[in-house]
Amino acid sequence: MRDGAAADGLHMQLCGTVPVPLDLDLRCAPGQVLALVGASGAGKTTVLRCIAGLHRPEAGLVRCAGWTWLDTAAGVDLAPHRRAAGLVFQDYALFPHMTALANVAAGMGHLPRQDRTARARGLLSLVRLDGMEGRRPAELSGGQQQRVALARALARDPDVLLLDEPFSAVDRPTRRALQADLANLRQQLAIPVVLVTHDLDDTLLLADAVAVLDAGQVLQHGPPGEVARHPASARVAWLLGTEAPNPMLPATSSSWPSGSGPEPPRAGVTAFTGATAPHLEGRTHDEAERAQPDQGPGHGHSERPDHGPRPHRHRQRRYGPCLDHQRGH
């Protein structure tokens, strides 16, 4: 249903309780990349499924490019094939028995059959897969399969592009190359792009705006650099990975009680300042923690001269401020 009064771009209002709670209202303008960041189960993929028509929220509204795709109050709920949405699944979901060219052409049901091959070749060239049109998915690397999936999503001439953790299944060098490819490609797209990711680098490199989700609600929304530098809460900082998940430490230096002496050092990775400590560059929190220098007795598995070797204890896994508090740590 076309809504002439609706602004271009994507607007979604979603409310529901299954499979995860949802209560949010977000917009994404044409040519803009909106990153959805949050822990597993926060509702990020469910948001994409609601946009694409693969999941119907209990109540909600989805409008894109002036068209109403979902309006539960008005009884509107377009089927997925009637929504001009290009979706790149986390596992790519390519047809294993079909070539790269055929996989891309499979998304062109809206075009005359005689036009599909040339269009598919053009899209494969756009994602730098010239000469690989005849290869099947098993003959392609993970990064190449991701490019085929992206080309197939664009084959629908979508009004919105939905990316569900598109870099999660590739190694770091391939991830960097794909980030660069997508950054270049987005300059040619005049449509909203919604990116689901766990990685702050993806957000800082690619997104114009970020929405930090927790239990289906938006904790903070704004430009990625601003949100990373000034998280609204300790929970947001942890979800972004901008500081160590230690519930016993304050979220910022200013919240450390006065008269209590110097603020204790933060374990592992320090709060985001726009640069990472050189010896921790490119490492996960666990890797960074292991990379910290030995701090003497009472740390790690070092020996204590007064009491002999320290008994072995399983390393306590952190679950974030809320769950750590519930677990009594």
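Preceding block: the structure.
Residues numbered from 1 in each chain as written. Predicted model: local features only at pLDDT ≥ 70, side-chain atom pairs only at ≥ 80, totals over all residues. Heavy atoms only, no water.

Visitor: Hey, could you go over the sheet that holds strand β1 (residues 10-16) for me, with residue numbers and the actual values?
Guide: In space, the five strands of this open sheet follow the order β2-β1-β4-β5-β6, with antiparallel pairing throughout. Because the sheet does not close on itself, it has two edges, and the strands there are β2 (22-28) and β6 (76-77). Of the pairings in the sheet, the one linking β1 to strand β4 (residues 59-64) comprises six bridges and is antiparallel in character. Paired with Cys15 across the bridge in β4 is Ala59. Its contacts with the sheet put helix α1 (residues 44-52) on β1, β2, β4 and β5 (67-71), and the angle it makes with β1 is roughly 115 degrees. (Pairing = 2+ DSSP bridges. Helix = DSSP H or I, 4+ residues; strand = E, 2+ residues; numbered from the N terminus. Contact = heavy atoms within 4.5 Å. Axes fitted to C-alpha atoms, helices over the stretch in contact; angles between N-to-C directions.)

Visitor: Just give me the short version of the side chain of Arg186, but keep the residues and values in it.
Guide: Tracing the chain through its elements places Arg186 in helix α5 (residues 172-186). Judged by relative accessible area, Arg186 falls into the buried class, the value being 17%. Residues in contact with Arg186, not counting those within four places in the same chain, are Gly31, Gln32, Val33, Leu206 and Asp208. (Buried < 20%, exposed > 50% of the residue type's maximum accessible area, 1.4 Å probe, protein only.)

Visitor: Outline the side chain of Lys44, supporting the account with residue identities and numerical values.
Guide: By secondary structure assignment, the location of Lys44 is in helix α1. Buried Lys44, no salt bridge; nearest opposite-charge side chain is Glu165, N-O distance 5.1 Å. A polar contact is formed between the side chain of Lys44 and the backbone oxygen of Ala39, at a distance of 3.0 Å. In this view, Lys44 contacts Leu36, Val37, Gly38, Ala39, Val196, Thr197, His198 and Leu213; residues no more than four positions away in its chain are not counted. (Lys, Arg positive; Asp, Glu negative; His and termini not counted. Salt bridge = Lys/Arg side-chain N within 4 Å of Asp/Glu carboxyl O. Polar contact = N/O pair within 3.5 Å; in protein donor to acceptor, adjacent residues only side chain to side chain.)

Visitor: Quick one: what's the story with the pairing of strand β9 (residues 193-197), residue by residue and with numbers?
Guide: Two faces make up the sheet, and in a regular strand the side chains alternate between them. Taking burial as the measure, the five residues of β9 include five buried ones, the bulk of the element. The alternating pattern of β9 places Val193, Leu195 and Thr197 on one face and Val194 and Val196 on the opposite face, and all of these are buried. Pairing analysis gives five bridges linking strand β3 (residues 33-37) to β9, with the strands arranged parallel. Note on β9: the bridge partner recorded for Leu36 is Val196. Note: strand β8 (residues 160-164) against β9, four bridges, orientation parallel. Note on β9: the bridge partner recorded for Asp164 is Val196.

Visitor: If you had to explain the pattern of salt bridges to someone new, which residues and values would you point to?
Guide: In this structure the tally under the stated criterion is eleven salt bridges. Put simply, Arg119 and Asp157 hold a salt bridge, and the shortest N to O gap is 2.9 Å. Residue Arg119 is found in helix α3 (residues 113-126), and its partner Asp157 is found in the loop between α4 (142-154) and β8; the two are separated by 38 residues along the sequence. For Arg119, a relative accessible area of 31% translates into the label partly exposed.

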